[in-house]
Amino acid sequence: MDAYQRVQAARKMGRPTGTDYISNIFSDFFEFHGDRRFGDDPAIIAGIARLDDMPVTVIAHEKGKTTKEKVLRNFGMAHPEGYRKALRLMKQAEKFGRPVICFVDTAGADCGIAAEERGQGQAIAENLMEMMALKVPIISVLIGEGGSGGALALAVADQVWMLENAVYSVISPEGCASILWKSPTKVKNASEALKLTAEDMLGLKIIERIIPENFGDFDWVYATLKGLLYETLAGLKGLPVETLLQNRYERFRRIGEYSE
Amino acid sequence: MDKFSFKKTRNPLEFSDPSFQPRSPAIPEKLCIKCPGCSGIVFTEETGPFKICPKCGYHFRLSAKERIDLISDEGSFEEHDANMLSRNILGFPGYDAKLNSARISSRLKEAVITGKGKIMGQHSYIFAMDAGFMMGSMGSVVGEKITRLFERATDEKLPVIGFTLSGGARMQEGTVSLMQMAKVSGAVKRHSDKGNLYIAVLTHPTTGGVTASFAMEGDIILAEPKALIGFAGPRVIEQTTRQKLPEGFQRAEFLLNKGFIDDIVPRPRQKEYLAKLLMLHSRGAE
């Protein structure tokens, strides 16, 4: 598959969304609502659950499945209150010593007038800063689209994994094509140039692991993820907090290439 | 009669002489500029050291160097990591050429200048971004230089004053530039958790990944009058929402009204304003 086919696969109608992962991996999921400041954002689902016998906080983008639900959930493009709800529940997780698991699937943070008025940039910035120092383990799994800052705001983690057909990019291939080639038809070239596939991310050491999709057998994916999440979180929970945070800092610190 | 006849002067261009160089008229470059604020024509000289429109107060663009010169005490600024260069890490089409032309036209190595200086005698780390270099976009070098600046400031228990100006994350470095947002945020957080002061001064324009990271992470966030500050650029918003944007939308005054910045500080007041804030946070004052 070429890069653009991956982009199409990541966006494909019928591909499992956040709620599928939550219901198939966890038990006793309680969804909690609201950022306690403005409102509740249906583009992000958050709550607490059990991962086998381990209490965890789960946060997921939800794009919606039907057209009606997609509209309700704003196609998984969160407003500031969505990121603030996520941060509120992460802070709660920190208080109760629960690890945090994020499922990322968004074309990007909402870029409308309301989102700007309520400080989209500030909301994302605060998540980046606070997640860097959150004293409990965080694992983020990119399950579909990883669109720019809107994805990163749920992906500052100790480990970041990607589904085989997920993509992670600083700008949508369409946006890149129209800026660079002044033509939205050059999406294929842009997808290649942006290096946005899971393979690319592993090569750039931006992610730790690729989760195979086993030819679309998502029951297998859920079972695999469940095992891996449990095992990895158990390991991370055993680390002293200073080590956990130092490792997280170093994880991002080393990214970037330049010459001096 | 002969001596009254006119003779057409020789124009070397007509002879397509390749060695001919048109003599530049004795007018300095950019004698006049059109003010984007009031559309008036302004003599460059009249804009003064602060580069402000004498008619409407519009803040013209300053280079990173001009900004540092305006804000820091004369001769006090010491630049760090001045020779760090970007590389085309993804083999992105056209990036090498773009870097080269940016280096030539801006006479800069990258889109941010970082270092240490004094502001009315107060020590501070200072960074300033420059629109001349790929619209102040953030790639590996911008991320690394600002991260190092915060790390050094943390080690030396010094404040940071940062002038932001950016079109956002640099597309040509893909996800690597996206990660710089997290990397810098980590360094800002460590600096902050040790009780150090960070003042962000948002200048026109500050958008995208820079707004969604260190621009909005200051203890105190200031802005220049009328500066455009936002996550998504106005064109993107108009295209996606198909709505006409309200007058003054995403300008500094709008952000002040919505509660996202602390104050708007025009250039002539900035140095003293910042110096007094530094003084109020100086550890000796405890």
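For the structure itself, look to the data block above.
The structure displayed is predicted, hence computed values, not measured ones. (Residues numbered from 1 in each chain as written. Chains lettered and ligands numbered in written order. Predicted model: local features only at pLDDT ≥ 70, side-chain atom pairs only at ≥ 80, totals over all residues. Heavy atoms only, no water.)

### A look at helix α4 (residues 174–193) of chain B
Residues and elements named next belong to chain B.
Turning to step 1, where the next piece is worked out: The terminal C-alpha atoms of α4 lie 30 Å apart, and with 20 residues this matches the ideal 28 Å at 1.5 Å per residue to within 8%.
Turning to step 2, where the next piece is worked out: Counting buried positions along α4 gives 17 out of 20 residues, so the element sits mostly inside the fold.
Turning to step 3, where the next piece is worked out: The first or second residue beyond α4 is G195, which carries a positive phi of 80°. (Helix = DSSP H or I, 4+ residues; strand = E, 2+ residues; numbered from the N terminus. Expected span 1.5 Å × (residues − 1). Buried < 20%, exposed > 50% of the residue type's maximum accessible area, 1.4 Å probe, protein only.)

### Digging into the sheet that holds strand β7 (residues 160–166) of chain B
Residues and elements named next belong to chain B.
Turning to step 1, where the next piece is worked out: Read from one edge of the open sheet, seven strands run β3-β5-β6-β7-β8-β9-β10, paired in mixed fashion. Looking at strand neighbours, the two that pair on one side only are β3 (78–80) and β10 (263–264), the edges of this open sheet.
Turning to step 2, where the next piece is worked out: Where strand β6 (residues 122–129) and β7 come together, four bridges link them in parallel fashion. The partner of Y125 across the bridge, within β7, is V160.
Turning to step 3, where the next piece is worked out: Relative to β6, helix α1 (residues 64–71) is tilted by about 160°, and along the sheet it contacts β5 (112–119), β6, β7 and β8 (198–206). (Pairing = 2+ DSSP bridges. Contact = heavy atoms within 4.5 Å. Axes fitted to C-alpha atoms, helices over the stretch in contact; angles between N-to-C directions.)

### A closer look at the nonpolar core
Turning to step 1, where the next piece is worked out: Membership of the largest hydrophobic core comes to 161 residues, with the highest contact counts inside it found for Y21(A), F26(A), F103(A), Y168(A), L229(A), F127(B) and F214(B).
Turning to step 2, where the next piece is worked out: The contacts of F103(A), once residues within four sequence positions are left out, are Y21(A), I25(A), F26(A), V58(A), I59(A), A60(A), H61(A), V141(A), I143(A), L225(A) and L229(A). (Core = buried A, V, L, I, M, F, W, Y, C linked by side-chain atoms within 4.5 Å.)

### Description of the interface of chain B and chain A
For an interface, size is often stated in terms of accessible area lost upon the parts coming together.
Turning to step 1, where the next piece is worked out: With 58 residues of chain B at the contact, the number on the chain A side is 49 residues.
Turning to step 2, where the next piece is worked out: A buried area of about 4400 Å², summed over both sides, lies between chain B and chain A, and 70% of it is on carbon and sulfur atoms.
Turning to step 3, where the next piece is worked out: Looking only at chain B, the three residues that lose the most surface to chain A are M171(B), M179(B) and F231(B), adding up to 15% of its buried area.
Turning to step 4, where the next piece is worked out: At the boundary of chain B with chain A, the tally comes to five salt bridges.
Turning to step 5, where the next piece is worked out: Note that R87(B) is salt-bridged to E257(A), the shortest N-O span being 3.3 Å.
Turning to step 6, where the next piece is worked out: Linking chain B with chain A are 18 residue pairs in polar contact (both at pLDDT 80 or more), by the criterion used here.
Turning to step 7, where the next piece is worked out: Those elements that provide at least two residues to the side of chain B that touches chain A are α3 (140–155), α4, α6 (234–241) and α7 (252–258) of chain B.
Turning to step 8, where the next piece is worked out: Ranked by residue count, the leading element in the side of chain B that touches chain A is α4(B), at 18 residues. (Buried area = accessible area lost by both parts, 1.4 Å probe. Salt bridge = Lys/Arg side-chain N within 4 Å of Asp/Glu carboxyl O. Polar contact = N/O pair within 3.5 Å; in protein donor to acceptor, adjacent residues only side chain to side chain.)

### Description of the packing of aromatic side chains
Turning to step 1, where the next piece is worked out: Going through the model one piece at a time under the given rule, you end up with nine aromatic pairs over all chains.
Turning to step 2, where the next piece is worked out: Judged by centre distance (5.7 Å) and plane angle (80°), the ring pair of F127(B) and F214(B) falls under edge-to-face. Placement of the pair is F127(B) in strand β6 and F214(B) in the loop between α5 (208–211) and β9 (220–223), with a sequence separation of 87 residues.
Turning to step 3, where the next piece is worked out: Relative to F254(B), the ring of F249(B) lies with its centre 5.1 Å away and its plane at 70°, an arrangement referred to as edge-to-face. No difference in accessibility class separates F249(B) from F254(B), as the two residues are buried.
Turning to step 4, where the next piece is worked out: Ring-pair connections join several aromatic residues into one group, and the members of that group are Y21(A), F26(A), F103(A), F218(A) and Y222(A).
Turning to step 5, where the next piece is worked out: We note R209(A) situated over the ring of W161(A); from NZ or CZ to the ring centre the distance is 5.3 Å.
Turning to step 6, where the next piece is worked out: Between R190(B) and the ring centre of Y249(A), over which it is positioned, the NZ or CZ distance is 3.7 Å. (Phe/Tyr/Trp six-rings, centres within 6.5 Å; stacked < 30°, edge-to-face > 60°. Lys NZ or Arg CZ within 6 Å of the ring centre and 35° of its normal.)

### Some details on the pairing of strand β4 (residues 100–106) of chain A
Residues and elements named next belong to chain A.
Turning to step 1, where the next piece is worked out: Most of β4 sits out of view: seven of its seven residues are buried.
Turning to step 2, where the next piece is worked out: Sheet topology note: the strand β3 (residues 54–61)/β4 ladder contains four bridges and is parallel. Across the sheet, the residue bridging to A60 is F103, located in β4.
Turning to step 3, where the next piece is worked out: Sheet topology places β4 next to strand β5 (residues 138–147); six bridges connect them, and they run parallel. Residue pairing in the sheet places F103 in a bridge with V141 of β5.

### What to know about empty space enclosed by the protein
Gaps between atoms show up when a probe of the same size as a water molecule is rolled over them.
Turning to step 1, where the next piece is worked out: What the rule picks out here adds up to one cavity of 30 Å³ or more.
Turning to step 2, where the next piece is worked out: Residue lining of the largest cavity: 16 residues in total, with E116(A), G119(A), M216(B), I229(B) and L255(B) positioned closest to the centre.
Turning to step 3, where the next piece is worked out: Its residues placed into classes, the lining of the largest cavity shows six nonpolar, seven polar and three charged. (1 Å grid on protein atoms, 1.4 Å probe; cavity = no way out; pocket = protein on both sides within 12 Å on 5 of 7 lines; lining within 4 Å. Points joined across faces, edges and corners; volume = space filled by probe spheres on them. Nonpolar A, V, L, I, M, F, W, Y, C, P; charged D, E, K, R; others polar.)

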